[in-house]
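Chain by chain, the residues:
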Amino acid sequence: MKKEIKPLEPDLMDKLMALCKHRGFIIPGSEIYGGLANSWDFGPYGALLKQNIRRAWLKHFVTSRDDVVLMDSSIIMNSRVWEASGHLQNFTDPLVDCKKCKKRFRADHLLEARSLEPGYDKEKPVDWLEIKCPECAGDLTEVRQFNLMFKTSVGPVAESGAVVYLRPENAAGMFTDFKSIQQSMRQRLPFGIAQIGKVFRNEVTPGNWIFRTREFELMELEYFIHPRGWEKVFDMWLGEIKSWLKSLGVRDEHLYFHEIEGADRAHYSKRTVDIEYNYPFGLKELYGLAYRTDFDLSQHAKTSGADLTYTDPVTNETFVPHVVEPSMGLERTVLVTMLEAYHEEEAPTAEEGATDRRVVLKFPKHLAPIQVAVLPLSKKEELMGPSQSLAQELRQHLVVEYDETQSIGRRYRRQDEIGTPYCVTIDFDTIQDKAVTVRDRDSMKQERVKITEVVGYLIKKYS
Ligand code: ATP
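The numbers attached to residues start from 1 for each chain and follow its sequence in the written order. This being a predicted model, a pLDDT of at least 70 is required before a residue's local features are given, and a value of 80 or more before pairs of side-chain atoms are given or counted; all residues contribute to the totals for chains, interfaces and linings. In computing side-chain properties, one takes all heavy atoms of the structure into account and sets aside hydrogens as well as water.

## Observations regarding the nonpolar core
Rules: For our purposes a nonpolar core is just a set of buried Ala, Val, Leu, Ile, Met, Phe, Trp, Tyr and Cys residues, chained together by side-chain atoms within 4.5 Å. Three labels apply to residues, based on accessible area from a 1.4 Å probe with only protein chains included: buried if under 20% of the type maximum, exposed if over 50%, partly exposed otherwise in between. Secondary structure is summarised from DSSP: a helix means a run of H or I of at least four residues, a strand means a run of E of at least two, and numbering begins at the N terminus for each. Whether two residues touch is decided by their heavy atoms; if any such pair falls within 4.5 Å, the residues are in contact.
Core analysis: the largest hydrophobic core is formed by 61 residues, its most contacted members being Phe25, Trp244 and Leu245. When residues of this core are assigned to their parent elements, the largest contribution, eight residues, is made by helix α8 (residues 230–247). Apart from residues lying up to four places away in sequence, Leu245 is in contact with Val250, Leu255, Ile275, Leu286 and Tyr287. Ranked by size, the runner-up nonpolar core spans 21 residues in total, among them Val374, Tyr422, Leu458 and Tyr462.

## So, empty space enclosed by the protein
The condition is simple: In this analysis, the protein atoms alone were mapped onto a 1 Å grid. Cavities are point sets where a 1.4 Å probe fits without being able to get out; pockets are open sets with protein on both sides within 12 Å along at least five of seven lines; lining residues have an atom within 4 Å of a point. Grid points are joined across faces, edges and corners, and a volume is the space filled by probe spheres set on the points. Note on residue categories: nonpolar means Ala, Val, Leu, Ile, Met, Phe, Trp, Tyr, Cys or Pro, charged means Asp, Glu, Lys or Arg, and polar means any other residue, Gly included.
On inspection of all chains with the given rule, the structure shows one cavity of 30 Å³ or more. As for the largest cavity, its lining consists of Ser85, His87, Glu169, Ala172, Phe175, Arg292, Asp296 and His300. Counting residues per element, the ones that place at least two in the lining of the largest cavity are α6 (171–176) and α9 (295–304). Taken together, the residues of the lining of the largest cavity break down into two nonpolar, three polar and three charged.

## Section: the domain arrangement of the protein chain
In plain terms, the rule: Where a domain begins and ends is set by an automatic assignment or by a domain database. What counts as buried area is the accessible surface, traced by a 1.4 Å probe, that two parts surrender upon association, with contributions from both included.
Domain annotation of the protein chain identifies domain 1 (12–73 + 169–337), domain 2 (92–147) and domain 3 (370–461). Computed from C-alpha atoms alone, the centre-to-centre distance between domain 1 and domain 2 is 28 Å. Contacts between the two partners involve six residues from domain 1 and, on the opposite side, eight residues from domain 2. Here domain 1 packs against domain 2, burying approximately 630 Å² in sum over the two surfaces, 52% of which is carbon and sulfur. Among the residues domain 1 hides against domain 2, the three largest losses belong to Val204, Thr205 and Asp264. Together they make up 65% of the total.

## Comments concerning the pattern of salt bridges
Quick reminder of the rule: Any Lys or Arg side-chain nitrogen located within 4 Å of an Asp or Glu carboxyl oxygen qualifies as a salt bridge.
In total, this model carries 37 salt bridges according to the counting rule given. In this structure, the salt-bridge partner of Lys179 is Asp307, at a minimum N-O distance of 3.9 Å. Highlighted residues: Lys179 in helix α7 (residues 178–184) and Asp307 in the loop between α9 and β14 (310–311), separated in sequence by 128 residues. The partner of Asp427 in a salt bridge is Arg448, and the shortest N-O contact between them spans 3.2 Å.

## Looking at the packing of helix α2 (residues 44–63) against α8
For any two helices packed against each other, the geometry comes down to the angle between their axes and how far apart the axes lie. The condition that has to hold: Throughout, an axis means a line fitted to C-alpha atoms (over the contacting stretch in the case of helices), and angles, computed between N-to-C directions, take values from 0 to 180 degrees. Whether a crossing is left-handed or right-handed is set by the direction in which the near helix is turned from the far one by less than a right angle, anticlockwise for left-handed and clockwise for right-handed.
Contact pair α2 / α8: the axes reach a minimum separation of 11 Å and the direction vectors enclose 145 degrees. Relative to α8, the crossing made by α2 is right-handed. In this structure, α2 contributes Ile53, Ala56, Trp57, His60 and Phe61 to the contact, and α8 contributes Trp237, Glu240, Ile241, Ser243 and Trp244. Here the contact of α2 with α8 is composed, by residue class, of seven nonpolar, two polar and one charged.

In structure tokens form, the structure reads like this:
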């Protein structure tokens, strides 16, 4: 029985996309050339948000633990890596075309949309004559398998160069370098190798903004274990993912932990949980967690001839380590963080008793792109001078934006829209009482703080 998943407002995506374009979070890629379908650039605030999420992930999954190390492997690897991992043969999506309107679809998505269980099965393709194009009800072609890896070649002459692929996931680097890292870092099992990096997939049907694109970043971890007790390790990582999502502000009622049944799991996996989120366009995957047994290291050992076994220093047992793999997309993390942060509410204006509607991104403080905005009440020199020096002092510790244009009310609204937790205003009273106003984004409460103490006060808010 699926639990009741709370739906998000259907037009939330449109509102968020408009806000992101307007405020420079996420903008269409190559726009001045008419764009490139499904490519998105992260503008200044988007890039800072992404950076903050990477940093938070690193802390949560790597540096706050003593059993996980970080690596950064090459995007282009020896092609035999993909032969061993099975990507060359199996990293395919089932593809169908509409004979009438020529639109292309993923066969498994068409089945999912019709709630056909257990979904598309490569061994037993369904009768496609029964399934029609969802756009124009035209007939569909037979299912073809389409490899998602981007192919290119190394060397100056394309024809004679060796064929290589842009990596479709980071995990391969953690497997090929497993032994080297385990030995150089003198790691004992259980231990993990983590990586954050760009991956590339020639998706059949990208879309839903940054949900499905052809290049994206993965934050992945391979946790190497003895198979005994894998169940506990799996639950431990499931717990870590849950607490990570909580730290992003993701509400439990929007999540569904989908246990993948035996027939739908990869043949080597003994347990897989898809962590699904109820996006405005439906309940779909956010992250994956899989116990992959010793499949990966065994395959790489077999194909490369390298010895990828591990000998337990206490029991002297030699075995190929098994892995539990949490795999998390950075762009989907950005998307859910923003969907959760987006609020529209009635808020008081400067006019006594009046209110208007404000849009505010209530990011958890540590993820906000701008930490403090410094806003002089007017453009008069006696306010701008001290405001600029305060902003410069604060920049030594925090990410600061200085803004002196427009009315103070509009500047507050702008900071609300980009999710800045604190605004510091310098007004004419400051000259006399040597104090500034600090406004809290969420409560909109204003507090008077001595100018000599405000730097320490704000640093403390972020520690
Ligand atoms: P899906 O079923 O949505 O295609 P998948 O099962 O192929 O996803 P994995 O191979 O498990 O996904 O990838 C790990 C994670 O990478 C996903 O949980 C998701 O966060 C992210 N991800 C996968 N494909 C994309 C994509 N095309 N664009 C953005 N993020 C993606």
